[in-house]
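What follows is the residue order along each chain.
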Amino acid sequence: MSDKFDKETAGARPAATVSKDDGPAPAAIKAIPVRHYGRWISAVVVLGLVALLVNAFATAEKIQWQAVGDYVFDSTVLAGAGRTLLISILAMVMGVVLGVVLAVMRLSKNPVTSWVAWVYIWFFRGTPVYVQLLLWFNLALIFPVLNLGPLYKDEMVDVMTPFMAALLGLGLNEAAYMAEICRAGLQSVDEGQTEAAHALGMSHGKTLRRIVIPQAMRVIVPPTGNEFINMLKTSSLVYAVTYNELLRATSTIGSTSYAVMEMLFVACIWYLVITSVFSVGQYYLERRFARGSSRNLPATPWQKVKANMMAFSRERNSTV
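Residues numbered from 1 in each chain as written. Predicted model: local features only at pLDDT ≥ 70, side-chain atom pairs only at ≥ 80, totals over all residues. Heavy atoms only, no water.

### Quick notes on the overall build of the protein
Piece 1. A count of helical and extended segments in the protein gives 13 helices and two strands.
Piece 2. Across the 320 residues of the protein, 28% fall into the buried class.
Piece 3. A sequence separation of at least 24 residues applies to 70% of the contacts in the protein between residues at least 6 apart.
Piece 4. Summed over all atoms, the accessible surface of the protein reaches about 21500 Å², with 65% contributed by carbon and sulfur. (Helix = DSSP H or I, 4+ residues; strand = E, 2+ residues; numbered from the N terminus. Buried < 20%, exposed > 50% of the residue type's maximum accessible area, 1.4 Å probe, protein only. Contact = heavy atoms within 4.5 Å. Areas by Shrake-Rupley, 256 points an atom, 1.4 Å probe, with all protein chains shown as cover.)

### Structural notes on the packing of helix α8 (residues 162–187) against helix α10 (residues 204–234)
Piece 1. At a closest axis distance of 8 Å, the pairing of α8 and α10 adopts a crossing angle of 140°. Looking at the two axes, α8 sits oblique to α10. Relative to α10, α8 is oriented so that their crossing is right-handed. On the side of α8, the interface is formed by Leu170, Glu174, Tyr177, Met178, Ile181, Cys182, Gly185 and Leu186, while α10 contributes Leu208, Val212, Ile213, Ala216, Val219, Ile220, Pro223, Thr224, Glu227, Met231 and Thr234.
Piece 2. A class-by-class count of the residues in the contact of α8 with α10 yields 14 nonpolar, three polar and two charged. (Axes fitted to C-alpha atoms, helices over the stretch in contact; angles between N-to-C directions. Parallel < 35°, antiparallel > 145°, perpendicular 65-115°, else oblique. Left-handed = near helix turned anticlockwise from the far one by under 90°. Nonpolar A, V, L, I, M, F, W, Y, C, P; charged D, E, K, R; others polar.)

### Some words on helix α4 (residues 75–106)
Piece 1. Over its 32 residues, α4 runs 45 Å from end to end, which matches the ideal 46 Å to within 8%, given 1.5 Å per residue.
Piece 2. Those residues of α4 lying buried are Val77, Gly80, Ala81, Thr84, Ile87, Ser88, Ala91, Met92, Gly95, Gly99, Leu102 and Ala103.
Piece 3. N-capping of α4 is provided by aspartate 74, with a side-chain oxygen placed 3.0 Å from the backbone N of threonine 76. (Expected span 1.5 Å × (residues − 1). Polar contact = N/O pair within 3.5 Å; in protein donor to acceptor, adjacent residues only side chain to side chain.)

Structure, rendered in structure tokens:
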């Protein structure tokens, strides 16, 4: 049987050869992509609306666009933007550090520390930032003198400067939100990791520093970056405590030069620049921490643009 099978196989015609009796070879299949006319129509409609909006502002007679260009790099505006960046970074650092402490207290088995952390989060999340800023700024009405015994004693109006009121108002409020973010990140780590660390003889604090927090960073980093972007915009509320940040600097120039709308546009430009720079940094930071959980890292913005351009080029060539 095997000899017969081998002979038949050896004498068989190769699969690739086609004799004339089999007829003509089949034609190659030409794939025709599906036409998405709705996409093109919606794109044209959106671009048309955007063009109308841009044209309305560009042709507005009461807007002096030259003033925007003249003041965008003004020294007062640059100083205000620097103060906005400074108060945002310091308040965010305070919020992150205090938020980690509050998250650990909230997860503690000690009912007193857990209850204190819960009350803190409840109060600062339940009251507006604007109100908290005014409370700190007017604290001298309740405590005229800051008396810390032999350590420090001074008038409250000298201690609670606009910068200090802005820092405390933004930082302590941010700590309440960061506490919840950190708590969610810590709870995302499997309990078996903590149990294994304790079985090896590691203390609770060392387990948090070496095992839990590094793994929780993957969950903590994305919302923290979002909170910082929000902090950059929320910092405009310190206008109420007379801290001379970006919005107050541009408003002061606008009130003296009668270019109110133009200076608001200048403030928008700088807010967009600052938030855009930190948004790019947030993206790459998230991409770095995603290496431990994802085999395929998300594409960078340049890679996304390149992929979209190649897809558009292929679609265009197929329609020609």
